[in-house]
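Structure at a glance
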Amino acid sequence: AAAAEKGILFGLSSLATTSVEDIGKIFPKSLPKVFQLYLWKDKGLNRALLQQAREYGYDAVALTADFTWFGKRERDIRNGFSVPPNYSFAQIYGAVKRPAWTWDLLCNDVYTYANIDKDVPAESMAAFINKQLCPDFNWQDAEWLANEW
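Here the structure is a predicted model, which is why all the values come from computation and not from measurement. (Residues numbered from 1 in each chain as written. Predicted model: local features only at pLDDT ≥ 70, side-chain atom pairs only at ≥ 80, totals over all residues. Heavy atoms only, no water.)

Here the focus is the nonpolar core. If you look at the biggest cluster of nonpolar residues, it comprises 27 residues, and the most contacted ones within it are Leu12, Phe35, Trp40, Tyr58 and Ile116. Put simply, the parts of the chain that give this core at least two residues each are strand 1 (10–13), helix 2 (20–26), strand 2 (33–38), helix 3 (43–55), helix 7 (125–132) and helix 8 (139–148). Examining the composition of this core, we find that 4 residues originate from one element, helix 3, more than from any other. The contact partners of Trp40, leaving out residues within four places of it in the chain, are Ser14, Leu15, Leu45, Asn46, Leu49, Ile116, Phe128, Gln132, Leu133 and Cys134. (Core = buried A, V, L, I, M, F, W, Y, C linked by side-chain atoms within 4.5 Å. Buried < 20%, exposed > 50% of the residue type's maximum accessible area, 1.4 Å probe, protein only. Helix = DSSP H or I, 4+ residues; strand = E, 2+ residues; numbered from the N terminus. Contact = heavy atoms within 4.5 Å.)

It is worth spelling out the packing of aromatic side chains at this point. Tallied over the entire structure, the rule returns 4 aromatic pairs. For the ring pair Phe10 and Phe27, a centre distance of 5.3 Å and an interplane angle of 40 degrees mean the geometry is tilted. Note that Phe10 is positioned in strand 1 and Phe27 in the loop between helix 2 and strand 2, a separation of 17 residues in sequence. For the residue pair Phe10 and Phe27, the accessibility class agrees, reading buried in each case. With a centroid separation of 6.4 Å and 15 degrees between ring planes, the pair formed by Phe89 and Tyr93 is classed as stacked. Taken together, the residues span about one helical turn, with Phe89 and Tyr93 both in helix 5 (residues 89–97) at a distance of 4 residues. A relative accessible area of 69% means that Phe89 is categorised as exposed. If you follow Lys33 out to its NZ or CZ, it ends over the ring of Tyr58, 5.3 Å from the centre. It is Lys43 that lies over the ring of Trp144; its NZ or CZ is 4.8 Å from the centre. (Phe/Tyr/Trp six-rings, centres within 6.5 Å; stacked < 30°, edge-to-face > 60°. Lys NZ or Arg CZ within 6 Å of the ring centre and 35° of its normal.)

Next comes the structure, spelled out in structure tokens:
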């Protein structure tokens, strides 16, 4: 909504909790949209995602090729963030200090990957990525992607 209000580019990730279709339906066709693709082992899944992006008016695809290397996210280290979650005393205390956020988390459905598999909870991201991520990405894969788009 904010991108549409400002008239700027909207980018949607493969791992978004909102689907390519939903954004395609609500985001104005006159404004640019880009779909950010993680290249998965399952070429059929890649092909289906690209087809959906074209069908719902995305103007470009952005390939994320560095996803096989996990960066050193110092903020996540400081906060004890991990996938799957490993709940620490500090995290539990933080949740108690933010009752509205905690209530929202407890009362709503778990987040899922709307573009991948609606049955995979976001908490299972590490297992899903380890199963599907294409670690041997190469220039032939980039060429395949360009031809598919």
